[in-house]
Amino acid sequence: MPSADLSRLAALHGVATSYSPSPDRTVAASVTAVTRALAALGVDAGTPEAVRAALAARERERAERLLPPTVVGWGTGVPPALAALPGGTRLLVRTEQGETRPSAENLPPGVHRVTATAPDGRTGEAHLIVAPPGLPAPPARSYGLLVQLYSLLSRRSWGMGDLADLGELADWAGRTLGAGFVQINPLHAAVPGPPTDPSPYRPSSRRFPDPVHLRIEDVPEFAYLSESKGEGAGAGVEGAEGRARLEGPLRRAAELREAVLDKGALIDRDAVWVAKKAALEAVVDEVPLGPGRLAAYRDFLAEQGQALEDHATWCALAEVHGPAWHTWPAPLRDPRSPGTARARRELAARVDFHSRLAWLTDTQLTAVQRTAREAGMPLGIVHDLAVGVHPEGSDAWAQQDTLAAGMSVGAPPDAFNARGQDWGLPPWRPDRLAACGYAPFRALLQALFRYAGALRIDHVMGLFRLWWVPRGLPPTEGTYVRYDAEAMLAVLVLEASRAGAVVIGEDLGTVEPGVRETLRERGVYGTSVLWFERDWEGDGRPLSPETWRADCLATVTTHDLPPTASRLTGEHVGLRDGLGLLTRPLAEEHAEAAADTAEWLDLLTRLGLLHGHGTDGTVPTRADGTATTEEEARIQAVHRYLLRTPARMIGVWLPDGVGDRRPQNLPGTWDQYPNWRLPVADAQGRPVTLEGLTASPRLRALLDVVRTRTDRPGGAEGTGGVSGTGGAGGAEGTDGAEGTDGADRADAPGRT
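This is a predicted model, so every value here is computed, not measured.

Draft legend 1. Examining the pairing of strand E15 (residues 454-457) more closely. Both faces of E15 are covered, namely the face carrying Ala-454 and Arg-456 and the face carrying Leu-455 and Ile-457. Pairing of strand E12 (residues 380-385) with E15 involves four bridges; the strand directions are parallel. Residue pairing across strands places His-383 opposite Leu-455, the latter belonging to E15. When E15 meets strand E18 (residues 502-505), the two strands line up parallel, connected through four bridges. Considered in E18, the bridge of Arg-456 is made with Ile-504.

Draft legend 2. Expanded view of the sheet that holds strand E16 (residues 465-470). Spatially, the four strands line up as an open sheet ordered E14-E13-E16-E17, and their pairing is antiparallel. Of all strands in the sheet, those with a lone pairing partner are strand E14 (421-425) and strand E17 (479-482), marking the two edges. Neighbour to neighbour, the strand axes of the sheet diverge by 50 degrees on average, direction disregarded. Inspection of the sheet shows strand E13 (residues 407-411) paired to E14 by three bridges, in the antiparallel sense. When the sheet's bridge partners are listed, Ala-411 is paired in E14 with Gln-421. Of the strands in this sheet, E13, E16 and E17 touch helix H2 (residues 31-40), which is tilted by about 105 degrees from E16.

Draft legend 3. Inspection of the environment of Tyr-480 at higher detail. The topology assignment puts Tyr-480 in strand E17. Residues Tyr-480 and Ala-173, 307 residues apart in the sequence, show an inter-C-alpha distance of 42 Å. Those residues in contact with Tyr-480, other than ones at most four positions away along the chain, are Gly-14, Val-15, Ala-16, Tyr-19, Pro-412, Arg-465, Leu-466 and Trp-467.

Draft legend 4. Spatial organisation of the sheet that holds strand E20 (residues 552-555). The sheet built from eight strands is open, its strands ordered E18-E15-E12-E9-E8-E21-E20-E19 with parallel pairing. Because the sheet does not close on itself, it has two edges, and the strands there are E18 and strand E19 (526-529). Adjacent strand axes in the sheet meet at a mean angle of 25 degrees, parallel and antiparallel pairs treated alike. Along the sheet, helix H20 (residues 630-644) contacts E20 and strand E21 (649-653); its crossing angle with E21, the most-contacted strand, is approximately 165 degrees.

Draft legend 5. Highlighting the side chain of Arg-207. Take Arg-207: it is sitting in strand E11 (residues 205-209). Every residue in contact with Arg-207, bar those within four places of it in the chain, is listed here: Gln-304, Ala-307, Asp-395, Ala-443, Leu-444 and Ala-447.

Draft legend 6. Geometry of helix H19 (residues 586-606). With 21 residues, H19 should reach 30 Å at 1.5 Å per residue; the first-to-last C-alpha distance of 30 Å fits that figure. Every buried residue of H19 is accounted for by Glu-589, Ala-593, Asp-596, Thr-597, Glu-599, Trp-600, Leu-601, Leu-603 and Leu-604. Summarising the contacts, the buried residues of H19 are in contact with helix H17 (564-569), helix H18 (571-578) and H20. Gly-608 sits one or two residues past H19 and shows a positive phi near 75 degrees.

Draft legend 7. The packing of helix H1 (residues 4-12) against H2, seen in detail. Interaxial distance between H1 and H2 falls to 11 Å at its minimum, and their mutual angle equals 45 degrees. Classified by the angle between their axes, H1 and H2 sit oblique to one another. For the pair H1 and H2, the crossing hand works out as left-handed. Between H1, through Leu-6, Leu-9 and Ala-10, and H2, the contact on the second element is made entirely by Val-31, Val-34, Thr-35 and Leu-38. Of the residues that constitute the contact of H1 with H2, the class distribution is six nonpolar, one polar and no charged.

Draft legend 8. Region of interest: helix H11 (residues 348-374). Over its 27 residues, H11 extends 39 Å from the first C-alpha to the last, a length consistent with the 39 Å expected when each residue adds 1.5 Å. Phi turns positive one or two residues past the end of H11, at Gly-376, with a value near 100 degrees.

Draft legend 9. Spotlight on the confidence of the model for the protein. Mean pLDDT for the protein: 90, with 91% of residues reaching 70 or above. A low-confidence stretch, residues 712-752 stays under pLDDT 50, and its non-local contacts, those more than four residues away or across chains, total 164 contacts.

Draft legend 10. Fine view of the pairing of strand E4 (residues 90-94). Burial of E4 is one-sided: the residues Leu-91 and Val-93 facing one way are buried, the residues Arg-90, Leu-92 and Arg-94 facing the other way are not. Taken together, the five bridges between E4 and strand E6 (residues 110-117) define a ladder with antiparallel strand orientation. From the neighbouring strand, Val-93 faces E6, where its bridge partner is Val-114. Where E4 folds back onto strand E5 (residues 100-101) in an antiparallel hairpin, the turn is made up of five residues, including Gly-98, whose phi is positive at roughly 95 degrees.

Draft legend 11. Representation of the nonpolar core in the model. Tyr-143, Leu-169, Val-182, Trp-468 and Trp-531 are the most contacted members of the largest nonpolar core, which totals 138 residues. Per-element tally for this core: the top contributor is helix H15 (residues 485-499), with 10 residues. Listed in part, the 38 residues of the second largest apolar core include Tyr-150, Trp-158, Leu-214 and Ala-358.

Draft legend 12. Structural detail: unusual backbone geometry. Note the cis peptide between Gly-193 and Pro-194, where omega equals 5 degrees. Each neighbour pair has its own omega, and for Pro-194 with Pro-195 the value is -10 degrees, a cis peptide bond. Following the sequence through the fold, Pro-195 ends up in the loop between strand E10 (188-189) and E11. Even without glycine at this site, Asn-106 takes up a positive phi of about 55 degrees. Backbone geometry places Tyr-438, a non-glycine residue, at a positive phi of 60 degrees. Mapped onto the secondary structure, Tyr-438 falls in the loop between helix H13 (430-435) and helix H14 (439-449). By relative accessible area, which is 2% here, Tyr-438 ends up buried.

Draft legend 13. Fine view of the side chain of Ser-394. Position of Ser-394 relative to the elements: it lies in helix H12 (residues 394-398). Residues within four places of Ser-394 in sequence aside, it is in contact with Ser-204, Ser-205, His-311 and Trp-314.

Draft legend 14. Representation of the pattern of salt bridges. Scanning the model with the defined rule gives 52 salt bridges in all. Of the charged contacts, one joins Glu-99 and Arg-101 as a salt bridge, the two residues approaching to 3.1 Å between their closest N and O atoms. Its relative accessible area of 35% is what places Glu-99 among the partly exposed residues. A salt bridge links Glu-512 to Arg-465; the nearest nitrogen and oxygen atoms lie 3.7 Å apart. Separated by 47 residues along the polypeptide, Glu-512 in the loop between E18 and helix H16 (515-521) and Arg-465 in strand E16 bring together distant segments of the chain.

Rules and cut-offs
Throughout this description, residue numbers start from 1 for each chain and increase along the sequence as written. At least 70 in pLDDT is required for a residue's local features to be given in this predicted model, at least 80 for side-chain atom pairs to be given and counted, and no such filter applies to totals for whole chains, interfaces and linings, which use all residues. Based on all heavy atoms of the structure, the side-chain values leave hydrogens and waters out of the count. Classification of residues uses two cut-offs on accessible area relative to the type maximum, computed with a 1.4 Å probe and protein chains only: under 20% is buried, over 50% is exposed, and between them is partly exposed. Helix and strand definitions follow DSSP, with helices as H or I runs of at least four residues and strands as E runs of at least two, each counted in order from the N terminus. Any two strands are treated as partners once DSSP identifies two or more bridges connecting them. Angles here are taken between N-to-C directions and fall from 0 to 180 degrees, while the axes themselves are lines fitted to C-alpha atoms, restricted in helices to the stretch in contact. Whether two residues are in contact is decided by their heavy atoms: any pair within 4.5 Å suffices. Multiplying one less than the number of residues by 1.5 Å gives the expected span of a helix. The labels follow the angle: roughly parallel below 35 degrees, roughly antiparallel above 145, roughly perpendicular from 65 to 115, and oblique for the rest. By convention, the crossing between two helices is left-handed when the near helix turns anticlockwise from the far helix through less than a right angle, and right-handed when the turn is clockwise. All residues other than Ala, Val, Leu, Ile, Met, Phe, Trp, Tyr, Cys, Pro, Asp, Glu, Lys and Arg, Gly among them, are scored as polar; the first ten of these are nonpolar and the last four charged. Confidence scores per residue from the predictor, reported as pLDDT, run from 0 to 100. What makes a nonpolar core is a set of buried Ala, Val, Leu, Ile, Met, Phe, Trp, Tyr and Cys residues whose side-chain atoms join them at distances within 4.5 Å. Salt bridge criterion: a side-chain nitrogen from Lys or Arg within 4 Å of a carboxyl oxygen from Asp or Glu.

Below is the structure:
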């Protein structure tokens, strides 16, 4: 047990000395965990004497300071921290817009600087974040599609789904079926392989997207490289040579596409990138940018500044020394060292290449969002923000001063996982974030909102606290470290409001009291998954639809859960059993799964949502006149249930539309299951192309069910936004039978 002094010191730095895995149980954090967390924050607590000295210094610093490093204000009122200053304190506010003001009243939204001078002579200076009181709701109730982009292959993609495929899907869904959005997985830049970590939730950089998602043929310079020699071939480009450089990549692209779609192969991200990289190198080497394109590229470089230079430099150095920057020559481990500056000059061509790829990817992402909006989607593309970054990636290298060395984010032990979880993601230091006015977080959000109509934040509870696991210790030896949630939320609301974007927090599982209420107050939507919406504090039965919250994205399943067909049939239990993931006898697991399904089917029948197949004496038909199966009827029924709720956003897992049985990610596995490498498939496991999806009568029938009622909030009931008891993930520590702590699943190696 931590001593009284250590507990006091920890509290002053936001380090918890205990946690509650359930409402009726409190567990003390180990002295080692608390001491190591403090050390990562630059506080020596290794001996009793050091603890006393650090405690005295911290208390003295807090007593003497006039202002904290960052102050938050909402709306036009005076921020509470400034209103609480001693009487007679003079203020000087330098606004983001370039004004100088003697008062903090009626400030415009932005990140300002404030200087305070107290009557006793003390002065203080702080970052002042002023945000709108909250985000507005989405423009109207809408439904959308949920899909992992890599799994969405067309007959034109290069072995995995790309941004042109996403644009085609959004254009079709918006124009043909009135969909309001398409939500996808994180497109963050990955740490290069081979093998590349296939998880989109453990990226190299969250700020810059991965060029593996590019549609090569949509790069304007590609056309000049591939055409025959002539006036339009571009300055100095030999047509025959250009075609020769493309022959290999194009042939390989066809082979990869055929292997996945026609031969049952898994998606091979590394092979796709090898082919695309060769084609992009040919384009960059042989086709100069035209004057207008060059000007646009230079504007992008200037706008992105040091951050892009760091990312591109890391990419170039990784090609020479490997991606694990901790093993690089000592001078190169510091992005600001003279050795790194010299290496950047020596690798200037490769730095420019990777900068160019970031620009090309940004332009295609922006074009996709524009396509979605032009197709009538009020939101367009919903992008996904991962919890953190790979410890050997470009963000970890470039942002060492704001990351906690020797720490990893994870989840504490709970009723579903007694060993806890270590996700292998270094956390931000809350003290360093506050000291710089949350500049890295602001820049990250600004980058994502460039091309997002909405942003999903994985494990949104991380804005409040994160479980820190000291390196070399098991997750059981971790502790929570708290962040300034008000400042984090102010930055989020500020940047989202500037972009006119919606924010969706993934708040499944264990959520400390008050978090959902705070998020709701600021206009941040939650996530509600049908299977988990039960009265956990009462009889445990499914919540009636009218008691769901309105401010959420409501879905039947997610990428971490079994597809609906698998869950309704109980096939997911057999899959987990075959991989040795069950913690109880197979018969017990099957019985529980069957009882759960039966309970839901009974409710759907009583509500009149399960049409046909013995329920009303008729068998529904699809638009093409063919009869639906009983399985389809059940999948349609659970989506009708979502429409009975007041949820303003309804998400349809795209693979559910064709009967896919395979989860994209199976928590608890790494190489035992092909996580993040499966194409969308039908009920027999046969890949379905984008073209096949858009022509599928089964998918069309499901989407017809959803689209005909999304303009009627609450379905037939028309109920308001009442939050159901125990909803949005269930009781503390409960996330159904599938995983632990909701978002704290296996979203990445270590998140198992």
